[in-house]
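# Structure assessment
Listed below are the residues making up each chain.
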Amino acid sequence: MFDWLRKVNLRKYLFMKNQRNSNRVFVSSTIYDLFDIRAEVENMLRDSGLSPVMSDSRNDGFDSTIQTNSIDTCLINLKTCDIAILILSQRYGPSLKNHGFSDHSATHLEYIEAKKLGIPIYVYARDRLLADHAVWKRSTDKISINYGWIDRKDNRIFEIIEERSKLSNHPNWISTYTDSVDLKNQIKRDLKTWTDSVTFWKDLEDNKVPIFFPSHKCEQINNSTQWKMKQVMKNCGLVAATDVVIKIGSTKQEDMEIMIPSGEAITRIALVDLSIPVNHTDEIYLEYKDLKDRNYIDTYLCSIVGGPNGIRTGYRLKNRKYIDSNGNERVRN
């Protein structure tokens, strides 16, 4: 009955995960000694557009309604995540061997499970912990040694560091942090490319990216064959566009703006002589960034058809690329 319930719960959450663009990050650490740091990391991940999955959180990233024990609940939630973060500091935690699990702490078990599932794991160890680990490695008496940071009873935390440090088919990086500010900066840096990708689609759906809509307005000059054409590229998104460059395909002309706020536009004026009928299509390239430093390249087809009876213009979006911070084009899977 117990194993059957585990399988039902796991199938439920794997189904839910596949039904959406997942942005779930499992945060593993001991809790009581890192309560404040976990809260700061949770807020930072949430502000980055991610969904932190944490057993001690009151937010809805972690589902505690699964009808099983707390350890299995954590492992089921872990299986629904795309990335795991492991934070090591001062405590290892009690062994779970008397509760139906292997002889490891909950944090260690989550690390082993994430590795088994092939979930990318980012490991962060406090500098004072790594200093004690260096003392432990050099010591010939590993039982009675005293440490400057951890208690002797928690020295099994070094097992996680040793497992992570081994050269194997798995990544073996361990990042060193000194305090919560340093830790948050490192996590932001490490997850930036992935964050850009998974949050872009949600931002797009919520109109939280720059979205340009082009238009033309034409005025005849003194009833002559000369027409003044005003080309307007308006930012209809809810956020500003920065480092904006407009390139005209046929003339190679460039216009640049440092920033176009939401609701504002960049305008170009062109003169068109209709003494000779015009039927012309040109490509306009619009390159810009958003406030999260993501890059965009829009390509529009601009058509002008005119003669003695008047002028007709139109725009069509040919292509829109989103380029992540590594220079790779991102498309929806």
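Right above here is the structure, for reference.
Residues numbered from 1 in each chain as written. Predicted model: local features only at pLDDT ≥ 70, side-chain atom pairs only at ≥ 80, totals over all residues. Heavy atoms only, no water.

We now examine the sheet that holds strand β2 (residues 51-53). Across the sheet, five strands lie side by side as β2-β1-β3-β4-β5; this open sheet has parallel pairing. Here the strands that pair on one side only, and so sit at the sheet edges, are β2 and β5 (175-177). The mean inter-strand angle of the sheet, taken between neighbouring strand axes irrespective of direction, is 25°. Where strand β1 (residues 24-28) and β2 come together, three bridges link them in parallel fashion. If you follow Phe26 over to β2, its bridge partner there is Val53. Docked against the sheet, helix α4 (residues 106-117) engages β1, β3 (83-88) and β4 (121-126), running at close to 150° with respect to β4. Together, β3 and β4 form the strand contacts of helix α6 (residues 157-165), whose direction differs from that of β3 by roughly 130°. (Pairing = 2+ DSSP bridges. Helix = DSSP H or I, 4+ residues; strand = E, 2+ residues; numbered from the N terminus. Axes fitted to C-alpha atoms, helices over the stretch in contact; angles between N-to-C directions. Contact = heavy atoms within 4.5 Å.)

When its volume is computed, the largest pocket comes out at roughly 480 Å³. Lining the largest pocket are 25 residues; nearest its centre among them are Ser29, Ile31, Ser55, Ile71 and Ala106. Looking at the lining of the largest pocket, the element that brings in the most residues is helix α3 (residues 70-79), giving five residues. Of the residues that constitute the lining of the largest pocket, the class distribution is 13 nonpolar, nine polar and three charged. (1 Å grid on protein atoms, 1.4 Å probe; cavity = no way out; pocket = protein on both sides within 12 Å on 5 of 7 lines; lining within 4 Å. Points joined across faces, edges and corners; volume = space filled by probe spheres on them. Nonpolar A, V, L, I, M, F, W, Y, C, P; charged D, E, K, R; others polar.)

For α4, with twelve residues, the first-to-last C-alpha span of 16 Å sits near the 16 Å given by 1.5 Å per residue. Along α4, the residues that are buried comprise Thr107, His108, Leu109, Glu110, Tyr111, Glu113 and Ala114. (Expected span 1.5 Å × (residues − 1). Buried < 20%, exposed > 50% of the residue type's maximum accessible area, 1.4 Å probe, protein only.)

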